[in-house]
Amino acid sequence: MIEVDSVSFRYHQDWVLQDVSFQVRKGEFVGVIGPNGSGKTTLLKTLYRLLTPQRGDVLFDHLSLKKMSRGEIAKKIAVVAQETYPAFPFRVIEMVLMGRSPYLGHLMFESPKDLEIAKRAMEWTEILPISQRPIDELSGGERKRVYIARALAQEPEVILLDEPTTNLDIHHQVESLDLVLSLNRKKGLTILMASHDLNLASEYSDRLILLQHGRIFHMGPPEEVMTQENIEKVYGCQVWVDRNPVSGMPRVSLLRKGVH
Amino acid sequence: MKILTLKKVLLISALLGLILILVMILSITMGSVKVGPYRSISILLQSILGLKGAGTETEKTIILSLRVPRALLAGLVGAGLSVSGAIFQALLRNPLADPYILGVSSGAAVGAIVAILMGLGTLSFGLPLASFIGGLLTIFIVFYFGRQEGRIHPNTLLLAGVIVSSFLSALIMFFLSVSQREELRTIVFWLMGDFSLSNYQAVRLIFPYLLFAFFLLYAHARQFNLILSGEESALQLGVNVERLKLISYLGASLMTAASVSMCGLIGFVGLIVPHSVRLIFGPDHRLLLPASAFVGASFLIASDTLGRTLFSPVELPVGVITAAFGGPFFIYLLRTRKVVKIL
């Protein structure tokens, strides 16, 4: 469904992404991990043409993103980015309705059908009861769900998530990712998530892409990617990798200096 | 579920339009020469209907040639400044932004001062024309410096605007320091905002222009909502962000230049009217823009009316009134946040 074909990208001088190639199948849940500056966010940004790679191409259903208009891309690919705040507080329902924008074109006002779709998105994300609250009065977890609902209202085929769990407590981390997983499993949405949280990425993803210096270091199921050797090499710190006793997925423990 | 519909926008606009008409009527009945409200209205109606009747020639002149064009011009300028203020706040994503923040007003002021010093101030259109040209030049200079790699960066634009604006302020200061006394008074009055030279020609000149700019901006009202969450966020929802920024910058700047050129620098309107409207009706530009236009028009007409009647026959510059009454009112609104639940 998404085909990244030897993509290289640089902002000015240095290449931030170098010859990155991979494919994402429909209905997959893919995690992108890697240290700061390894190119996770940049990679995500090339996937919805916020950035256009200087070399290589990104294809969606065999069609280059370069050949699609912004509106067409927005109907296929929704993004839940790191915290963005409107400069003036909109209400939750208004924020979610903005997800209908790609379908409205030059129309000024949403139709009852758009409202229905927004309502369903709010039902899924369980924010219907707070639909009239201004966005600046919500907690971090609630706000995350508003942005996921907005992405759902776009009726996309793919949702890209950039660090969806930062600034959330463990309860809200799990709650947000459970929601994303249910969209993946029950609605068949394809998910691509960049994350710093190795354990969550391992727990939820079907497949992991480990980036180092803008290149793919390793790619495959979490069991293959999340090994002590890989993580220590890429992140340059000592870790202990074992299995989550309940799920059996790889689990990374951080080690204080001098503890072996 | 309550959401914004066309019906609501039209209904609220009609309501605010009605208030505007009442304010205008009130305005033309007030002034240093007493013409009773009933008499003023009948003079106005008869002239609209093309009838002869009530009122002496003097009264007719006062109502029809002085007060009516003055109210119309104040209304247009108030609407123009309020709408462009709302747009600048969205474009720069900065609640402190107002129509003057990018230096258009300073450029217009330099143009006007040059015209006054060259003795063009007495020509019927010397002053507005010179000031409009000054504003236009500033728009292009700021635009030129405010771009990077062919794209508008709001912060760079803001910085370029503030710097160009302070350079122009230095020029203004220089001109003030070398001006003769009688020119000085004209300049100072212009800088504070002055409607005393209003006439129908000015109204006819800027009305189609402001109307065009308004509809150009209003056609993108929904996109302005999206860009409030940032450019990337708007782009993710399919907005052509660069085009939107270009349209909003040029549209709002030209609106400001046109408004300012007719009456000088009236402060505060473009800052507090959009904010007040947001506090009452919410931040959605589909309602914010028309509501700001009507409220801004009413507010400036009322301010100007106060300015010319409060210490009559002495006329206060309208900028004094907008700041003196608008400021405290805005603080009150901000503190109480009395958000009327119309939506």
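Source: prediction; values computed, not measured.

Structural notes on the overall build of chain B
Right, on to step 1. Helix and strand counts for chain B stand at 14 helices and 2 strands.
Right, on to step 2. Over its C-alpha trace chain B gives a radius of gyration of 20 Å, about what one expects of a compact globule, namely 20 Å for 343 residues.
Right, on to step 3. Each principal axis of the C-alpha distribution contributes one length, and for chain B these read about 65 × 60 × 40 Å.
Right, on to step 4. With 343 residues in all, chain B has 55% of them scored as buried.
Right, on to step 5. Counting only contacts in chain B whose residues sit at least 6 apart along the sequence, the fraction spanning at least 24 positions is 75%.
Right, on to step 6. Split by element, the accessible area of chain B, about 15,300 Å² in all, is 72% carbon and sulfur.
Right, on to step 7. Across chain B, the 25 positively charged side chains and the 13 negatively charged ones have centroids separated by 11 Å.

Quick word on the pairing of strand β4 (residues 55-60) of chain A
Residue and element names in this part refer to chain A.
Right, on to step 1. Bridge count between strand β1 (residues 2-10) and β4: 5 bridges; the pairing is antiparallel. Of the residues in β4, the one forming a bridge with I2 is F60.
Right, on to step 2. Relative to strand β5 (residues 63-64), β4 runs antiparallel, the two sharing 2 bridges. Within β5, the residue paired with F60 across the bridge is L63.
Right, on to step 3. With antiparallel pairing between neighbouring strands as the criterion, β4 and β5 make up a hairpin whose turn holds 2 residues, including D61 at a positive phi of roughly 45 degrees.

Section: the pattern of salt bridges
Where side chains of opposite charge bring their charged atoms close, a pairing between them can arise.
Right, on to step 1. Counted according to the given criterion, the structure contains 19 salt bridges over all chains.
Right, on to step 2. As a salt-bridge pair, E155(A) and R100(A) come within 3.4 Å of each other at their nearest N and O atoms. With a gap of 55 residues between them, E155(A) in the loop between α6 (140-153) and β7 (158-162) and R100(A) in the loop between α3 (92-97) and α4 (101-104) connect regions that are remote in the sequence.
Right, on to step 3. One salt bridge in this structure joins R151(B) and E242(B), with 3.1 Å as the shortest N-O distance. Here E242(B) lies in helix α11 (residues 241-263) and R151(B) lies in strand β2 (residues 151-152), a separation of 91 residues in the sequence.

Some thoughts on the nonpolar core
Right, on to step 1. In terms of nonpolar packing, the biggest core is built from 144 residues, with V96(A), I159(A), V77(B), F195(B), Y249(B) and I266(B) touching the most fellow members.
Right, on to step 2. Looking at this core element by element, the count peaks at 16 residues for helix α3 (residues 57-91) of chain B.
Right, on to step 3. Core analysis: the next-biggest nonpolar cluster, separate from the first, contains 29 residues, F9(A), V20(A), L44(A) and L47(A) among them.

Quick look at the sheet that holds β5(A)
Residue and element names in this part refer to chain A.
Right, on to step 1. One open sheet accounts for 4 strands, arranged β2-β1-β4-β5; its pairing is antiparallel. The outermost strands of the open sheet, each flanked by one partner alone, are β2 (15-24) and β5.
Right, on to step 2. Taken together, the 6 bridges between β1 and β2 define a ladder with antiparallel strand orientation. Looking at the pairing, V4 lines up with F22 of β2.
Right, on to step 3. Each of β1, β2 and β4 touches helix α1 (residues 40-47); the most contacted strand, β2, lies at about 60 degrees to it.

Focus on the confidence of the model for chain B
Residue and element names in this part refer to chain B.
Right, on to step 1. On average, residues of chain B score 88 in pLDDT, and 96% of them reach the 70 mark or higher.
Right, on to step 2. Ranking the elements of chain B by mean pLDDT puts helix α2 (residues 37-49) last with 81 and helix α13 (residues 285-309) first with 96.
Right, on to step 3. The low-confidence segment residues 338-343 (pLDDT under 50) makes 13 contacts with residues lying over four places distant or belonging to another chain.
Right, on to step 4. Both scores are given for the predicted complex: the pTM is 0.90, the ipTM 0.88.

Thoughts on unusual backbone geometry
Right, on to step 1. Unlike most non-glycine residues, N167(A) shows phi in positive territory, near 65 degrees.
Right, on to step 2. Of the residues examined, N167(A) reaches a relative accessible area of 74% and is grouped as exposed.

Details of the environment of L50(A)
Right, on to step 1. Within the secondary structure layout, L50(A) lies in the loop between α1 and β4.
Right, on to step 2. For the pair formed by L50(A) and R70(A), sequence separation is 20 residues and the distance between their alpha carbons is 9.5 Å.
Right, on to step 3. When neighbours within four sequence positions are excluded, L50(A) is seen to be in contact with K45(A), E232(B) and L235(B).

Examining the packing of aromatic side chains
Right, on to step 1. According to the stated counting rule, one finds 7 aromatic pairs over all chains in the structure shown.
Right, on to step 2. With 5.7 Å between their ring centres and 55 degrees between their planes, F174(B) and F175(B) make a pair best called tilted.
Right, on to step 3. Since its relative accessible area comes to 46%, F174(B) is described here as partly exposed.
Right, on to step 4. Using a relative accessible area of 15% as the deciding quantity, one classes F175(B) as buried.
Right, on to step 5. These aromatic residues form a ring-pair network of at least three members: F214(B), F215(B) and Y218(B).
Right, on to step 6. The lysine or arginine in question, R100(A), covers the ring of Y103(A), its NZ or CZ lying 4.2 Å from the ring centre.

Section: the packing of helix α4 (residues 104-117) of chain B against helix α7 (residues 181-192) of chain B
Residues and elements named next belong to chain B.
Right, on to step 1. Between α4 and α7, the least distance of the axes is 10 Å, while the angle of their chain directions is 155 degrees. When the axes of α4 and α7 are compared, the pair comes out roughly antiparallel. Regarding α4 and α7, the two cross each other, and that crossing is right-handed. When α4 is examined against α7, the residues A108, A109, A112, I113, I116 and L117 are found in contact with a partner set consisting of E183, T186, I187, W190 and L191.

Calculation criteria
- Residues numbered from 1 in each chain as written.
- Chains lettered and ligands numbered in written order.
- Predicted model: local features only at pLDDT ≥ 70, side-chain atom pairs only at ≥ 80, totals over all residues.
- Heavy atoms only, no water.
- Helix = DSSP H or I, 4+ residues; strand = E, 2+ residues; numbered from the N terminus.
- Rg over C-alpha atoms; globule rule 2.2 N^0.38 Å.
- Buried < 20%, exposed > 50% of the residue type's maximum accessible area, 1.4 Å probe, protein only.
- Contact = heavy atoms within 4.5 Å.
- Areas by Shrake-Rupley, 256 points an atom, 1.4 Å probe, with all protein chains shown as cover.
- Lys, Arg positive; Asp, Glu negative; His and termini not counted.
- Charge placed at Lys NZ, Arg CZ, Asp CG, Glu CD.
- Pairing = 2+ DSSP bridges.
- Salt bridge = Lys/Arg side-chain N within 4 Å of Asp/Glu carboxyl O.
- Core = buried A, V, L, I, M, F, W, Y, C linked by side-chain atoms within 4.5 Å.
- Axes fitted to C-alpha atoms, helices over the stretch in contact; angles between N-to-C directions.
- pLDDT = per-residue confidence, 0-100.
- Phe/Tyr/Trp six-rings, centres within 6.5 Å; stacked < 30°, edge-to-face > 60°.
- Lys NZ or Arg CZ within 6 Å of the ring centre and 35° of its normal.
- Parallel < 35°, antiparallel > 145°, perpendicular 65-115°, else oblique.
- Left-handed = near helix turned anticlockwise from the far one by under 90°.

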